[in-house]
Amino acid sequence: MKPRSNVGSQPQPVGDNLLATQAQAQAQVRFNAGLALHHKGQLIQAQQMYQQALALQPAHFEALHLLGVIAAQSKYYAQAVDFISRALEINPNNALAYYNRGNALMELGQRQAAIESYDKAIVLKPDYANAYFKRGNALYQLKRYQATIESYNKAITLRQDYVEALVNRGVVLNDLKQHQAAIDSYNKAIALNPNFAEAYYNRGIALNDLRQYEAAIESYDKAFVIKPDAAFFFGVRLITKMN
């Protein structure tokens, strides 16, 4: 059998699937470059790479998501919500994206919408301590104090060294006139982080509310030693001393 000659044969068109695969591969290269730049804090350059990835693959979930993250980091919160919402239309099963959208919504003052986004993150990731904490912050601003405490409690259960949640729980308990319970929460935070000035400061407020003025002053003094440039600590100390 003679070998078949290619002379005169027609070029074969490249299939659409192959072109799409090549575009996806190129998109991923640009996304990976953007991710590396993002990790280095080079937001503008990272943003450009993510945008190039999207031009090649418009349904690139992570490119949309991280464009939203960059928008939030740049304080363009409405744009962040838009990008992340578009990402979630592509993949509605990403807890981190709901969490990040919740944070952007909080910055826009849309607290109920933020809570709903945090709730979706929690459904997907029930051990998401940070989402419970941020959800608690949103609930507090809506003055839903009991739900706030429950959210902080869940965050603390999931992460027992969650100092910020312990301090914020103390603030809510003090608002509810549960001063000793607030002090107990601050003490736990201080035991975990003896250099957390806000814990001493807020403990001072609770002690002052219990008319334990000397103990309150000592607590304010410790806050002031840790953060000597925080003038409001000293102002509160003076008011307590005058009492």
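Remember, it's a predicted structure, so these values are computed and weren't measured experimentally.

Rules behind the numbers
Residues numbered from 1 in each chain as written. Predicted model: local features only at pLDDT ≥ 70, side-chain atom pairs only at ≥ 80, totals over all residues. Heavy atoms only, no water. Helix = DSSP H or I, 4+ residues; strand = E, 2+ residues; numbered from the N terminus. Contact = heavy atoms within 4.5 Å. Areas by Shrake-Rupley, 256 points an atom, 1.4 Å probe, with all protein chains shown as cover. Core = buried A, V, L, I, M, F, W, Y, C linked by side-chain atoms within 4.5 Å. Buried < 20%, exposed > 50% of the residue type's maximum accessible area, 1.4 Å probe, protein only. Axes fitted to C-alpha atoms, helices over the stretch in contact; angles between N-to-C directions. Parallel < 35°, antiparallel > 145°, perpendicular 65-115°, else oblique. Left-handed = near helix turned anticlockwise from the far one by under 90°. Nonpolar A, V, L, I, M, F, W, Y, C, P; charged D, E, K, R; others polar. Phe/Tyr/Trp six-rings, centres within 6.5 Å; stacked < 30°, edge-to-face > 60°. pLDDT = per-residue confidence, 0-100. 1 Å grid on protein atoms, 1.4 Å probe; cavity = no way out; pocket = protein on both sides within 12 Å on 5 of 7 lines; lining within 4 Å. Points joined across faces, edges and corners; volume = space filled by probe spheres on them.

### Focus: the overall build of the protein
Tallying secondary structure elements over the protein gives 13 helices and zero strands in all. The linear arrangement of helices and strands in the protein, starting from the amino end, is α-α-α-α-α-α-α-α-α-α-α-α-α. Sequence separation of 24 or more characterises 45% of the internal contacts of the protein that already satisfy a separation of 6 or more. When the accessible surface of the protein is summed, it comes to about 13,800 Å², and 53% of that surface belongs to carbon and sulfur atoms.

### Notes on the nonpolar core
Membership of the largest hydrophobic core comes to 67 residues, with the highest contact counts inside it found for Tyr50, Ala121 and Val167. Once residues lying within four places of it in the same chain are set aside, the contact partners of Tyr50 are Phe31, Gly34, Leu35, His38, Ala63, Leu66, Leu67 and Ile70.

### Overview of the environment of Pro126
Along the chain, Pro126 falls in the loop between helix H6 (111-124) and helix H7 (129-141). According to the relative accessible area criterion, Pro126 is exposed, its value standing at 52%. In this structure, the C-alpha to C-alpha distance between Pro126 and Ala95, residues 31 residues apart in sequence, is 9.6 Å. If we skip the residues at most four places from it in the chain, Pro126 touches Tyr132 and Leu158.

### Focus on the packing of helix H3 (residues 61-73) against helix H5 (residues 95-107)
Viewed as axis vectors pointing N to C, H3 and H5 meet at an angle of 25°, and their least axial separation amounts to 10 Å. The orientation of H3 relative to H5 falls into the category roughly parallel. H5 is crossed by H3, and the crossing has left-handed handedness. On the side of H3, the interface is formed by Phe61, His65 and Val69, while H5 contributes Leu96, Ala97 and Asn100. Within the contact of H3 with H5, the residues separate by chemical class into four nonpolar, two polar and no charged.

### So, the side chain of His38
Along the chain, His38 turns up in helix H1 (residues 16-39). In this view, His38 contacts Leu43, Ala46, Tyr50, Leu66, Val69, Ile70 and Gln73; residues no more than four positions away in its chain are not counted.

### Some points on the packing of aromatic side chains
Taken as a whole and judged by the stated rule, the model has seven aromatic pairs. Ring centres of Phe133 and Tyr152 lie 5.8 Å apart, and the angle between their planes is 40°; this geometry places the pair in the tilted category. With Phe133 in helix H7 and Tyr152 in helix H8 (residues 145-158), this pair connects stretches of sequence that are 19 residues apart. Across the pair, exposure class does not vary: Phe133 and Tyr152 are buried alike. Geometrically, the ring pair formed by Tyr140 and Tyr145 is tilted, given 5.6 Å between the ring centres and 50° between the ring planes. In this structure Tyr140 comes out as partly exposed when scored by relative accessible area, which is 27%. In this structure Tyr145 comes out as partly exposed when scored by relative accessible area, which is 23%.

### Some words on the confidence of the model for the protein
Taken residue by residue, the protein gives an average pLDDT of 89. The fraction at 70 or more is 86%. Counted against residues more than four places away or in other chains, residues 1-10, with its pLDDT under 50, gives zero contacts. Segment residues 237-243 is flagged for pLDDT under 50; beyond a separation of four residues in sequence, or across chains, it makes eleven contacts in the model.

### Considerations on the layout of surface pockets
In this structure, the largest pocket occupies an estimated 180 Å³ of space. Mapped onto the lining of the largest pocket, the elements with two or more residues apiece are H3, H5 and H7. Of all the elements, H5 adds the most residues to the lining of the largest pocket, at five residues. Each residue belonging to the lining of the largest pocket can be placed in one class, and the counts come to six nonpolar, four polar and two charged.

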